[in-house]
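# Secondary and tertiary structure notes
Spelled out, the chains give:
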Amino acid sequence: MRYAMALDIKKCVGCADCVVACQTENNVPIGFARDWVIENGKGVYPELFLHFESQRCNHCDNTPCVRACPTGASHVIDGGIVKVTHNECIGCGACIEACPYEARYFHPDGYVDKCTFCDHRVSKGDNPACVSVCPTSCMYFGDLDDANSPVSKILRERQFYVLAPEAGTKPQVYFVK
Amino acid sequence: MKEQLMVSGREISNLYPHVDVWGFGIPLYLFIGGLAAGILLFATYYFIKGKADEMPVTVKVSTIIPPIIIAIGLAFLVGDLHHKAYFWQLMMHFRLESPMSWGAWVLTVVFVISIFWPLSYMDDLIVFFEQNNKKWLAKQFKKVQKLINKLPVIPWFIKFTQRNRKPIAYVTFFLSIVLGIYTGILLSAMNARPLWNSSLLGPLFLVSGVSTGAAAIMWMSNNEAEKKLFSRIDIGLIIIELTFILLLFLGFVWGPEAQVRSAEMFLGGEFTAVFWGIFVGMGLFLPAILELFELKGYHIPIAIPAFLILLGGLIFRVIMVDAGQISTYLY
Ligand code: SF4
Ligand code: SF4
């Protein structure tokens with residue numbers, strides 16, 4: 001099993017509903033976020049192009065954050081989801097430095113927190129909170145090993161890219177263009 | 001033209017616009033690790049060569065410093081943790097993959113050895129201070145000695161150290177090299193930061209740490225021959241350090257775009273003046289030149305080059321940690 005996510009940048013309107021859904025679902029403290037939206041502008045007036053990217057932890061296949069962690073608090077669970085055990089984390093920040101995507105943050109309580117792909121929902125067969133609220137349905141989630149999952153289907157049909165592939169982390173959040 | 005804007009979510013001050021989770025604590029910790037490694041490296045090396053009585057400052061007196069500064073370094077490391085109450089988790093795990101983990105273990109072992117090494121020379125130290133008109137220090141050390149002899153177990157460990165100095169010296173020599181390299185590898189293991197992601201960082205930090213150790217010993221020494229020896233060693237180390245720095249930047253400039261961009265911070269960017277002017281100029285070139293003059297017979301107070309090298313070593317680490325956190329693959 002290998003969970004992955006795909007986001008259609010042609011459909012995303014940058015409403016940030018995914019950010020709010022995550023904050024509500026996962027009790028993320030005010031002023032912090034596990035996912036965020038970036039606006040990419042390109043070109044010179046009047047030939048301007050714009051697209052949005054909803055970004056989060058890429059649940060990489062090759063995880064520098066897990067390697068850097070001195071206690072094993074950062075670890076990979078079934079399906080390739082990268083998680084942090086809060087009461088094993090000493091808050092050293094090594095994993096934050098090791099992540100090329102700046103996907104981790106210090107929770108005000110001290111430990112490191114990050115996107116979990118909503119493993120508590122996914123294990124019951126639901127979609128992550130961000131995916132389920134998206135008003136334009138631009139997000140696809142599922143198991144890459146299952147050829148019929150929504151994410152496998154869209155990656156088969158469309159062109160896609162990942163963020164900073166040159167960092168060598170094999171990210172598992174795809175952007176379809 | 002290309003532009004990226006944050007629309008929503010991650011305006012977290014220590015993440016955006018760039019990571020800034022390691023402040024002054026980590027560079028200071030790396031500096032202390034390097035300095036302690038340098039001092040212990042020379043102390044054990046000259047002990048192994050049988051120079052304990054010829055070079056008392058190197059082998060005995062200077063080793064008072066490592067345990068004190070390592071304690072300070074560990075305090076800063078713990079102080080920098082965000083989840084302090086769980087510090088003990090670090091000591092419950094050993095992970096070879098994580099330099100933060102094995103480095104903390106190496107530092108702990110070195111810390112324990114470094115406490116007993118000077119304690120095992122207590123009598124010699126007191127005699128040394130008395131001979132060199134440091135009556136006050138001699139008195140304090142006598143008090144400490146009395147106190148320690150009353151404690152349980154500790155005197156046994158001191159005797160053990162005295163009896164097994166040779167094997168302990170070999171182990172410590174090896175561990176201090178590991179410790180010196182670790183201070184660089186801690187950064188270079190982070191492949192998310194293009195500026196740190198170079199295998200040269202380990203040897204560079206080792207050489208820099210050893211040169212700060214040589215500077216500290218030189219500063220403390222009361223004997224001309226010893227001072228001259230360490231001046232010479234320091235000049236050699238500075239030349240090696242400059243070579244490594246040159247190679248490091250060549251590697252970046254010829255590397256992938258992210259590394260070219262990170263090197264540009266030092267080649268015209270915001271770190272150009274502090275790095276080349278203050279660290280390379282005043283922390284490497286100037287002390288090397290002063291030491292050359294000293295060796296030629298001009299009288300230069302040894303404290304000046306020694307202080308410059310030590311300060312340069314600290315500034316180097318502050319710059320590397322700061323600039324590394326700015327360098328990124330994204331955007
Ligand atoms: S995106 Fe960052 S935190 Fe997430 S798995 Fe990859 S390296 Fe780790
Ligand atoms: S901050 Fe926590 S999760 Fe991150 S590396 Fe340190 S101990 Fe591991």
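Everything numeric here is computed off the predicted structure, so don't read it as measured data.

### Some thoughts on the site of ligand 1
By nearness alone, every residue bordering ligand 1 is listed as Cys57(A), Asn58(A), His59(A), Cys60(A), Pro64(A), Cys65(A), Val82(A), Cys99(A), Pro100(A), Tyr101(A), Arg104(A) and Lys114(A). Of the residues that constitute the shell around ligand 1, the class distribution is eight nonpolar, two polar and two charged.

### Section: the interface of chain B and chain A
On the side of chain A, 51 residues touch chain B, which itself brings 41 residues to the contact. Both sides of the chain B and chain A interface together cover about 4,000 Å² of buried area, and 58% of this is carbon and sulfur. Of all residues in chain B, Arg10(B), His83(B) and Tyr329(B) bury the most surface against chain A, accounting for 15% of the area lost on that side. Here Arg193(B) makes a salt bridge to Glu97(A), at a shortest N to O gap of 3.8 Å. Where chain B packs against chain A, one counts 12 residue pairs in polar contact (both at pLDDT 80 or more). Sorting the residues of the side of chain B that touches chain A by element identifies strand S1 (2-8) and helix H4 (99-120) of chain B as the ones contributing at least two each. Counted by class, the side of chain B that touches chain A contains 20 nonpolar, 13 polar and eight charged residues. Both strand S2 (residues 36-44) of chain A and S1(B) contribute to a ladder of six bridges, which runs antiparallel.

### As for the packing of helix H1 (residues 25-48) of chain B against helix H3 (residues 65-80) of chain B
Residue and element names in this part refer to chain B. Running from amino to carboxyl end, H1 crosses H3 at an angle of 160°, the nearest separation of the two axes being 9 Å. One finds that H1 runs roughly antiparallel with respect to H3. The two elements H1 and H3 meet at a crossing, and its hand is left-handed. Here Gly25, Ile26, Leu28, Tyr29, Ile32, Leu35, Ala36, Ile39 and Leu40 of H1 come into contact with H3, specifically with Ile65, Pro66, Ile69, Ile70, Ile72, Gly73, Phe76, Leu77 and Asp80. Taken together, the residues of the contact of H1 with H3 break down into 15 nonpolar, two polar and one charged.

### So, the packing of aromatic side chains
Residues and elements named next belong to chain B. This model, assessed by the stated rule, comprises 33 aromatic pairs over all chains. Centre to centre, the rings of Phe47 and Trp117 are 5.3 Å apart; their planes meet at 85°, and the pair counts as edge-to-face. Taken together, the residues span a long stretch of sequence, with Phe47 in helix H1 and Trp117 in helix H4 at a distance of 70 residues. We classify Phe47 as buried; its relative accessible area is 14%. Taking the centre distance of 5.2 Å and the plane angle of 55° together, the rings of Phe129 and Phe141 count as tilted. Taken as a pair, Phe129 in helix H5 (residues 122-131) and Phe141 in helix H6 (residues 135-150) lie far apart in primary sequence, 12 residues in all. Taken as a pair, Phe129 and Phe141 share a single burial class, namely buried. Site record: aromatic cluster; members linked through ring pairs are Phe205, Phe249, Phe252, Phe266, Phe271, Phe275, Trp276, Phe279 and Phe316. Here the basic side chain of Arg165 rests over the ring of Tyr121, its NZ or CZ set 3.8 Å away from the ring centre.

### A look at the domain arrangement of chain B
All names here are of chain B. Domain boundaries assigned for chain B yield domain 1 (21-189) and domain 2 (194-331). Using only C-alpha atoms to locate each centre, domain 1 and domain 2 end up separated by 23 Å. Facing the 34 residues of domain 1 at the interface are 30 residues of domain 2. Carbon and sulfur atoms make up 76% of the area that domain 1 and domain 2 hide from each other, which totals about 2,500 Å².

### Some points on the pairing of strand S4 (residues 74-77) of chain A
Residue and element names in this part refer to chain A. Both S4 and strand S5 (residues 81-84) contribute to a ladder of four bridges, which runs antiparallel. Paired with Ser74 across the strands is Val84, a residue of S5. In sequence, S4 turns back onto S5 through a hairpin of three residues, with Gly79 there showing a positive phi of about 85°.

### Points about the pattern of salt bridges
A side chain with one charge can pair with a side chain of the opposite charge if their charged atoms come near. Counted according to the given criterion, the structure contains 13 salt bridges over all chains. Between Glu102(A) and Arg193(B) there is a salt bridge whose closest N-O contact spans 3.6 Å. Here Glu102(A), found in the loop between helix H3 (94-98) and strand S6 (105-106), pairs with Arg193(B), found in the loop between helix H8 (165-188) and helix H9 (201-220), and the two come from separate chains. Among the residues examined, Glu102(A) registers a relative accessible area of 4% and is labelled buried. Since its relative accessible area comes to 0%, Arg193(B) is described here as buried. Here Glu97(B) makes a salt bridge to Arg95(B), at a shortest N to O gap of 2.8 Å. On the basis of relative accessible area, Glu97(B) is assigned to the partly exposed category, the value being 47%. Classification of Arg95(B) as buried rests on a relative accessible area of 17%. Where salt bridges share partners, they join Glu97(A), Glu102(A) and Arg193(B) into one cluster.

### Topic: the environment of Thr44(B)
All names here are of chain B. One can find Thr44 in helix H1. The spatial distance from the C-alpha of Thr44 to the C-alpha of Val321 is 30 Å, given a sequence separation of 277 residues. In this structure, Thr44 is in contact with Ala169, Thr172 and Phe173, ignoring residues within four places of it in sequence. A distance of 3.2 Å separates a polar atom in the side chain of Thr44 from the backbone oxygen of Leu41.

### Some details on the nonpolar core
Membership of the largest hydrophobic core comes to 121 residues, with the highest contact counts inside it found for Trp22(B), Phe42(B), Phe230(B), Phe266(B) and Phe275(B). Summarising the domain contributions, this core has at least three residues from each of domain 1 (21-189) and domain 2 (194-331) of chain B. Phe230(B) has contacts with Phe42(B), Tyr46(B), Met55(B), Thr58(B), Ala214(B), Ile217(B) and Met218(B), leaving out every residue within four places of it along the chain. Counting 37 residues, the second largest nonpolar core, distinct from the first, contains Val37(A), Cys99(A), Phe117(A) and Ala258(B).

### Details of the site of ligand 2
Neighbouring ligand 2 are 13 residues, the closest being Cys69(A), Ser74(A), Cys89(A), Cys92(A) and Cys95(A). Taken together, the residues of the shell around ligand 2 sort by class into nine nonpolar, four polar and no charged.

The rules we used
Residues numbered from 1 in each chain as written. Chains lettered and ligands numbered in written order. Predicted model: local features only at pLDDT ≥ 70, side-chain atom pairs only at ≥ 80, totals over all residues. Heavy atoms only, no water. Near = heavy atom within 4 Å. Nonpolar A, V, L, I, M, F, W, Y, C, P; charged D, E, K, R; others polar. Contact = heavy atoms within 4.5 Å. Buried area = accessible area lost by both parts, 1.4 Å probe. Salt bridge = Lys/Arg side-chain N within 4 Å of Asp/Glu carboxyl O. Polar contact = N/O pair within 3.5 Å; in protein donor to acceptor, adjacent residues only side chain to side chain. Helix = DSSP H or I, 4+ residues; strand = E, 2+ residues; numbered from the N terminus. Pairing = 2+ DSSP bridges. Axes fitted to C-alpha atoms, helices over the stretch in contact; angles between N-to-C directions. Parallel < 35°, antiparallel > 145°, perpendicular 65-115°, else oblique. Left-handed = near helix turned anticlockwise from the far one by under 90°. Phe/Tyr/Trp six-rings, centres within 6.5 Å; stacked < 30°, edge-to-face > 60°. Buried < 20%, exposed > 50% of the residue type's maximum accessible area, 1.4 Å probe, protein only. Lys NZ or Arg CZ within 6 Å of the ring centre and 35° of its normal. Domains from an automatic or database assignment. Core = buried A, V, L, I, M, F, W, Y, C linked by side-chain atoms within 4.5 Å.

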